[in-house]
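Examination of the molecular architecture
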Amino acid sequence: MTPLKLIVANPGHFHAALALRETHPLLHDEVFVYAENGPDLERFLALVKNFNARTANPTAWKLHVHRGADYLERLIIERRGDMVLLAGRNDSKMRQIHQLQAAGFPVLGDKTWLIDENDLPTLRAVVASEPLCLDMMTERWDIGNRLL
C-alpha cells in the first residue's frame, strides 16, 4: 500500500504534534502544514523538530509549511495530501471540518468539534456525509478511560 500523505491544518493544539510523535508505516514522511503565522504554529514545529532530533526512536518527518491567513483555501486548492489532521481552535473547527469534507478530504479531528449550538446542523451534516470524519483521540474510547 502506498503511504498516505498527511496535511495538518492550523495546528493550534499540541495534539496535532502528538499525532507525529512516532512514525507509522501507513503515513508518508512528507507532511504538509497549512497554518496562520503565530505561536501555535511555532510550538507545533518545535515539537516535531524535537521528535525528529531525539536519540531514542527518532522520527523523520519532512514538513512543508505554508504560512498565511489563507491557509484553508490554499490547502483545499493545492490538495497536497490524502487526509487532513485538524487539531486547533475550537471556535471554528466544525465549520472547517465541514469545508474540508465538502472538498473531499477525510478528516481526523481533535476534540472538541462543537462548542456552539448554532453549529449543530453542521455537525449533523458532517456525520451523515462522506468522506469520513473521525475523532483522532482514540484513547478516550479506551475502556479504562470510559469507566473513569
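Provided above is the structure to which this section pertains.
In what follows, the accompanying structure is described. Here the structure is a predicted model, which means the values were calculated and not measured. (Residues numbered from 1 in each chain as written. Predicted model: local features only at pLDDT ≥ 70, side-chain atom pairs only at ≥ 80, totals over all residues. Heavy atoms only, no water.)

**Some words on a nonpolar patch on the surface**
There is a patch of nonpolar side chains on the surface, built from Phe14, Leu18 and Leu47 and spanning about 230 Å² of accessible area. If you trace the backbone, Phe14 turns up in the loop between strand S1 (4-9) and helix H1 (15-18). Of the residues examined, Phe14 reaches a relative accessible area of 46% and is grouped as partly exposed. (Patch = residues over 30% accessible without salt bridge, like charges linked within 9 Å, V, L, I, M, F, W, Y side chains within 5 Å. Areas by Shrake-Rupley, 256 points an atom, 1.4 Å probe, with all protein chains shown as cover. Salt bridge = Lys/Arg side-chain N within 4 Å of Asp/Glu carboxyl O. Helix = DSSP H or I, 4+ residues; strand = E, 2+ residues; numbered from the N terminus. Buried < 20%, exposed > 50% of the residue type's maximum accessible area, 1.4 Å probe, protein only.)

**Some words on the side chain of His66**
Secondary-structure assignment places His66 in strand S3 (residues 62-67). His66 sits in the buried class, given a relative accessible area of 12%. Reaching out from His66, the side chain makes a polar contact with the side chain of Arg74 at a distance of 3.3 Å. Other than its neighbours up to four places away in sequence, His66 contacts Val33, Tyr34, Ala35, Tyr71 and Arg74. (Polar contact = N/O pair within 3.5 Å; in protein donor to acceptor, adjacent residues only side chain to side chain. Contact = heavy atoms within 4.5 Å.)

**Examining the pattern of salt bridges**
One pass over the full model with this rule turns up five salt bridges. Among the ionic pairs, Lys5 bridges to Glu30, the shortest N-O distance being 3.6 Å. One end of the pair, Lys5, is in strand S1; the other, Glu30, is in strand S2 (residues 27-35), and 25 residues separate them in sequence.

**Section: the packing of aromatic side chains**
For the structure on display, the rule yields zero aromatic pairs. Over the face of the ring belonging to Phe105 we find Arg79, whose NZ or CZ atom lies 4.2 Å from the ring centre. (Phe/Tyr/Trp six-rings, centres within 6.5 Å; stacked < 30°, edge-to-face > 60°. Lys NZ or Arg CZ within 6 Å of the ring centre and 35° of its normal.)

**Points about helix H4 (residues 93-102)**
Among the residues making up H4, those that are buried are Lys93, Met94, Gln96, Ile97, Leu100 and Gln101. Within H4, the buried residues cover an arc of 160 degrees as seen down the axis, which keeps them to one side. Phi turns positive, to about 95 degrees, at Gly104, one or two residues after H4. (Arc of directions from axis to C-beta.)

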